[in-house]
Amino acid sequence: MTRLRSQQALKSILSDYFKGLKSPVAWCTSAGPAEILRALGFDIYFPENHGALLGASRAASKYIPRAHQAGYANEICSYLTSDIGAHLMGETPLKEAYGLSAPPKPDLIVFNTNQCREVAEWFGYFGREFNCPVVGIFPPRHLEVVTSADIDNVTKQFEELIAVGERVIGKPLDYAKLKEVVRLSKAGSDLWKQVLQTAQQTPAPLSFWDGTILMAPIVILRGTQTAVDFYTDLLAELRELSQNNNAAVPSEQVRLFWEGMPIWGRLRSLSDLLTENQAAVVASTYCNSWIFDDFNPTDPLRSMAGAYTQIFINRGEEHKLTVLRQMLNEYKVDGIIFHDAKTCFNNSNCRFGLPGRLTADTGIPSLTIDGDLNDLRFYSDGQAQTRLETFVEQLKGKHDR
Ligand code: SF4
């Protein structure tokens, strides 16, 4: 997971980003309208990124019980519970990593329920905590088809957000600036897509595990030249590796797809386990969620409304089936792992028969493992290891026949 030059570059980009955050600051969901906030002149902080840091640093288990004490239930989003718990305990992994005593205070909080309603509760909590204006974007949910009426609806909500943002920041939105930010977001997104597509090669130079780390700039620095430059360099590095047959998993024998949230506290051990078993995880809908093909700088607001409403998590099961079928084919996948994240039903796509329909359609076997993004009480190392090793062996057996 650490063989790429770009991972070193990423460390300094993240350090500059966190140390450079200054008022006025807007908090935003990871697939929220960051371009509007950036064009208005806010620095942007992403609580989900903080949630992932709490998971990856395995500090989440310390903070989740504190949120339970404050009335947040066991079964709800463990980004929410670990983040609120850390806030209540006055701690953050940003301190050790970047010397920040706390996440930056918000001047405006913005969420988009295109991913889940949980973000409304999570961000609403911090609105009350910091006595800060909160704006929610509520698009139509679980769509099979996104219509132009849906896009009108979201565009109108973006216009209302702009009015609030202008009041908070004290100046009107510069539409030329918005177009420029959307242009940079589109460029970054196109490059990120090409980065992920390098794993269509056999053997793959990039793994899902690498992707979960390398995706940080397309989430937190979307709409900046920094993100564009980073992905330009990363793409060149991956193409070079690919030309030299330098694979993420040496002696790759089996190609897997990861469906659902990462298990942040087990990225390393899962990567090691599957690598030892010659299994490369070559694609995921998670990393692909920050590809926004529809961004168009000549029509910034409507194109953002379309792009953010069309994301995978906000779609109906028929559309999800179509996307998965296409990705399994493009990435030459042998088997699919569904992660049933116990505190995120929104991004666990194994609960309504989709794995069975997908296998019936494609002949590609699937395995569902229980776990969670941050709450490791829902995850068993032993059980996951046994099930993954058995699954990979079965797939190897299929190859041999
Ligand atoms: S999509 Fe899932 S993990 Fe993300 S904020 Fe919503 S409930 Fe939490």
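Small disclaimer: the values here were computed from a predicted structure and weren't measured. (Residues numbered from 1 in each chain as written. Predicted model: local features only at pLDDT ≥ 70, side-chain atom pairs only at ≥ 80, totals over all residues.)

What about the overall build of the chain?
The cut-off we apply is this: Helix and strand assignments follow DSSP, with helices taken as H or I runs no shorter than four residues and strands as E runs no shorter than two, numbered in order from the N terminus. All radius of gyration figures rest on C-alpha atoms, and the globule criterion is 2.2 Å times the number of residues raised to 0.38. We call two residues in contact whenever the C-beta atoms placed from their backbones are within 7 Å.
Secondary structure assignment for the chain yields 18 helices and 8 strands. Here the C-alpha atoms of the chain give a radius of gyration of 20 Å, agreeing with the 21 Å that 2.2 N^0.38 yields for 401 residues. Projected onto its principal axes, the C-alpha positions of the chain cover 70 × 50 × 40 Å. Restricting the contact set of the chain to residue pairs at least 6 apart, pairs at least 24 apart contribute 77%.

Brief notes about the packing of helix α9 (residues 175-197) against helix α12 (residues 225-243)
Under the convention used in this document: In this analysis an axis means a line fitted to C-alpha atoms, helices contributing only their contacting stretch, and an angle means the value between N-to-C directions, from 0 to 180 degrees. With respect to orientation, any angle under 35 degrees is reported as roughly parallel, any angle over 145 as roughly antiparallel, any angle of 65 to 115 as roughly perpendicular, and every other angle as oblique. Note on convention: the crossing is left-handed when the near helix lies turned anticlockwise from the far helix by less than a right angle, right-handed when the turn is clockwise.
Closest axis-to-axis distance for the α9/α12 pair is 9 Å, and the angle between their directions is 20 degrees. Judged by the angle between their axes, α9 and α12 are roughly parallel. As for how α9 packs across α12, the hand of that crossing is left-handed. Across the interface between the two elements, Leu184, Ala187, Gly188, Leu191, Trp192, Gln194 and Val195 from α9 touch Gln225, Ala227, Val228, Tyr231, Thr232, Leu234, Leu235 and Leu238 from α12.

Digging into the environment of Val145
Going by this rule: Any residue whose C-beta has 12 or fewer other C-beta atoms within 10 Å is treated as exposed, any with 20 or more as buried, and any in between as partly exposed, C-beta atoms being built from the backbone.
Tracing the chain through its elements places Val145 in the loop between β4 (134-137) and α8 (148-169). Given 10 C-beta atoms within 10 Å, Val145 falls into the exposed group.

Here we look at unusual backbone geometry
The step from Ser23 to Pro24 runs through a cis peptide bond, and the omega angle for that step is 0 degrees. Of note, Pro24 is situated in the loop between α1 (5-20) and β1 (25-28). With a phi angle near 55 degrees, His142 is a residue other than glycine that sits in the positive phi range. Even without being glycine, Gln278 reaches a positive phi, approximately 60 degrees. By the secondary structure assignment, Gln278 is in the loop between α13 (267-276) and β6 (279-284). Accessibility expressed as a C-beta count within 10 Å gives 15 for Gln278, which makes it partly exposed.

A short note on the site of the ligand
Selection rule: For each residue, a C-beta atom is positioned from the backbone; the residue is called near a molecule or strand if that atom sits within 6 Å of it. In this classification, Asp, Glu, Lys and Arg are treated as charged, Ala, Val, Leu, Ile, Met, Phe, Trp, Tyr, Cys and Pro as nonpolar, and every other residue, Gly included, as polar. Here the bounds of each domain stem from an automatic or database domain assignment.
Close to the ligand lie Glu48, Cys77, Tyr79, Gln115, Cys116, Glu118, Val119, Met261, Cys344, Asn346, Asn347 and Leu373, which account for all nearby residues. Along the lines of polarity and charge, the residues of the shell around the ligand split into 7 nonpolar, 3 polar and 2 charged. Formed jointly, the shell around the ligand draws a minimum of three residues from each of two domains, domain 1 (5-174) and domain 2 (177-400).

Observations concerning the nonpolar core
Selection criterion: Any set of buried Ala, Val, Leu, Ile, Met, Phe, Trp, Tyr and Cys residues joined through C-beta atoms within 7 Å is what this text calls a nonpolar core.
Judged by nonpolar contacts, the single largest core of 119 residues is most densely connected at Ala26, Leu37, Val110, Leu256, Phe257 and Val282. Of all the elements, α9 adds the most residues to this core, at 8 residues. Each of domain 1 (5-174) and domain 2 (177-400) gives at least three residues to this core. When residues no more than four places from it in sequence are discounted, the contact partners of Leu37 are Ala26, Cys28, Phe42, Ile44, Val110 and Gly165.

A closer look at the sheet that holds strand β2 (residues 43-45)
This is how it is decided: If DSSP finds at least two bridges between two strands, the strands pair.
Taken together, 4 strands build an open sheet; the order of strands is β2-β1-β3-β4 and the sheet is parallel. Of all the strands in the sheet, the pair left with one neighbour each is β2 and β4. Ignoring which end each strand starts from, the neighbouring axes of this sheet average 25 degrees apart. Where β1 meets β2, 3 bridges bridge the pair, whose relative direction is parallel. Of the residues in β2, the one forming a bridge with Ala26 is Ile44.

Considering the packing of α8 against helix α15 (residues 300-309)
Contact geometry of α8 with α15 gives a least axis separation of 8 Å together with a crossing angle of 115 degrees. Taken together, the axes of α8 and α15 lie roughly perpendicular to each other. Here α8 and α15 pass one another in a crossing that is right-handed. When α8 is examined against α15, the residues Asp150, Ile151, Val154, Thr155 and Phe158 are found in contact with a partner set consisting of Leu301, Arg302, Met304, Ala305, Gly306 and Thr309. Its residues placed into classes, the contact of α8 with α15 shows 6 nonpolar, 3 polar and 2 charged.

Things to note about the domain arrangement of the chain
When the parts come together, some accessible area is lost, and that loss is often what is quoted as the size of the interface. For the chain, the assigned domains are domain 1 (5-174) and domain 2 (177-400). If you look at the interface, domain 1 gives 50 residues, while domain 2 gives 48 residues. When contributions to the side of domain 1 that touches domain 2 are tallied by element, the ones reaching two or more residues are α1, α2 (34-40), α3 (47-56), α4 (60-69), α5 (78-88) and α8. Among the elements that take part in the side of domain 1 that touches domain 2, α1 stands out by supplying 8 residues, more than any other. Here the side of domain 1 that touches domain 2 is built from residues that sort into 27 nonpolar, 14 polar and 9 charged.

Observations regarding the environment of Ile76
By the secondary structure assignment, Ile76 is in the loop between α4 and α5. On the basis of neighbour counts, which here come to 18 C-beta atoms within 10 Å, the residue Ile76 falls in the partly exposed class. Sequence separation of Ile76 and Ala60 is 16 residues, and the distance between their C-alpha atoms is 14 Å. Sequence-distant contacts of Ile76, defined by excluding residues within four places in its chain, comprise Thr81, Glu118 and Thr343.

A few points about the sheet that holds strand β8 (residues 366-371)
The 4 strands are arranged β6-β5-β7-β8 in an open sheet whose pairing can be described as parallel. Every interior strand has two partners, whereas the edge strands, β6 and β8, have only one. Pairwise comparison of adjacent strand axes, ignoring direction, gives a mean angle of 30 degrees for this sheet. Both strand β7 (residues 335-341) and β8 contribute to a ladder of 6 bridges, which runs parallel. Bridge assignment links His339 to a residue of β8, and that residue is Ile369. This element, helix α18 (residues 381-400), spans β5 (254-259), β6, β7 and β8 of the sheet and lies at about 170 degrees to β8.

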